[in-house]
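Each chain is listed here by its residues.
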Amino acid sequence: MDNLDAARTESRREALVALRDTLASLLDSTEAQVHAQLAAQYRGTLAEIAEIDAATNGKPKGVRDELKSKRDARQGGRTTAHASSNA
């Protein structure tokens, strides 16, 4: 996924992963004079991805997970029985 497509997903983590991949590619092909700046950006990007992963227990949250978290927070963490679960 390229940077523009990742940005359009509106997922910060996906955008950072695309940026990480771009920076890694540039690090392998760049001249020495910009290598230090790219390396610093690369390390910062890795740190941000790690922070997101730590906050989500290592799993990127999808839309379904985010909606469930919001619903659970509104309900005080209690679960409700759904008609479809009654057999």
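Keep in mind the model is a prediction, meaning the values are calculated, not measured. (Residues numbered from 1 in each chain as written. Predicted model: local features only at pLDDT ≥ 70, side-chain atom pairs only at ≥ 80, totals over all residues. Heavy atoms only, no water.)

Enquirer: In this structure, what is going on with the confidence of the model for the chain? I would like to understand it.
Expert: Low-pLDDT stretches of the model should not have their predicted coordinates read in fine detail. Summing up the model confidence of the chain, the mean pLDDT is 81 and the portion of residues at 70 or higher is 82%. Considering each helix and strand of the chain separately, the mean pLDDT is smallest for helix H4 (residues 63–74), with a value of 77, and largest for helix H2 (residues 12–29), with 94. (pLDDT = per-residue confidence, 0-100. Helix = DSSP H or I, 4+ residues; strand = E, 2+ residues; numbered from the N terminus.)

Enquirer: Sorry if this is basic, but what is going on with unusual backbone geometry here?
Expert: The general pattern is negative phi for most residues beyond glycine and trans for most peptide bonds. Notably, Glu-10 is not glycine yet its phi reads approximately 60 degrees, a positive angle. Looking at the secondary structure, you find Glu-10 in the loop between helix H1 (3–8) and H2.

Enquirer: How should I be thinking about the pattern of salt bridges in this particular structure?
Expert: Close approach of charged atoms lets side chains of opposite charge pair. Applying the stated criterion across every chain yields a total of three salt bridges. Arg-13 is paired through a salt bridge with Asp-53; the nearest N and O atoms lie 2.6 Å apart. Here the residue Arg-13 occupies a position in helix H2, and Asp-53 occupies one in helix H3 (residues 32–55), the gap between them amounting to 40 residues. According to the relative accessible area criterion, Arg-13 is partly exposed, its value standing at 21%. (Salt bridge = Lys/Arg side-chain N within 4 Å of Asp/Glu carboxyl O. Buried < 20%, exposed > 50% of the residue type's maximum accessible area, 1.4 Å probe, protein only.)

Enquirer: Help me understand H4 in this model?
Expert: Along an α-helix, a turn takes 3.6 residues, which lines up residues three or four apart on a common side. Taking 1.5 Å as the rise per residue, H4 with twelve residues should run 16 Å; its terminal C-alpha atoms sit 17 Å apart, in good agreement. The element H4 is barely covered by neighbouring structure, given that only one of its twelve residues are classed as buried. Phi for Gly-76, located one or two positions after H4, is positive at around 70 degrees. (Expected span 1.5 Å × (residues − 1).)

Enquirer: Hey, could you run me through the side chain of Thr-45 in this one?
Expert: Here Thr-45 shows up in helix H3. Overall, the relative accessible area of 3% leaves Thr-45 in the buried class. Filtering out sequence-adjacent residues up to four positions away, Thr-45 remains in contact with Leu-16, Leu-19, Arg-20 and Leu-23. (Contact = heavy atoms within 4.5 Å.)

Enquirer: What's the story with the packing of H2 against H3 in this structure? I'm lost.
Expert: Each packed pair of helices is defined by two parameters, the angle between the axes and the distance between the axes. Where H2 contacts H3, the axes come no closer than 9 Å and their chain directions differ by 150 degrees. Of the possible angle classes, the one that applies to H2 and H3 is roughly antiparallel. Every pair of crossing elements has a handedness; the one defined by H2 and H3 is left-handed. Between H2 and H3, the residues in contact are Arg-12, Arg-13, Leu-16, Val-17, Leu-19, Arg-20, Leu-23, Ala-24, Leu-26 and Leu-27 and His-35, Leu-38, Ala-39, Gln-41, Tyr-42, Thr-45, Leu-46, Glu-48, Ile-49, Ile-52 and Asp-53, respectively. Of the residues that constitute the contact of H2 with H3, the class distribution is 13 nonpolar, three polar and five charged. (Axes fitted to C-alpha atoms, helices over the stretch in contact; angles between N-to-C directions. Parallel < 35°, antiparallel > 145°, perpendicular 65-115°, else oblique. Left-handed = near helix turned anticlockwise from the far one by under 90°. Nonpolar A, V, L, I, M, F, W, Y, C, P; charged D, E, K, R; others polar.)

Enquirer: What exactly am I supposed to notice about H3 here?
Expert: Over its 24 residues, H3 runs 35 Å from end to end, which matches the ideal 34 Å to within 8%, given 1.5 Å per residue. Three or more residues of H3 are buried, namely Leu-38, Ala-39, Thr-45, Ile-49, Ile-52 and Asp-53. Positive phi shows up at Asn-57, right after H3, with a value of about 55 degrees.

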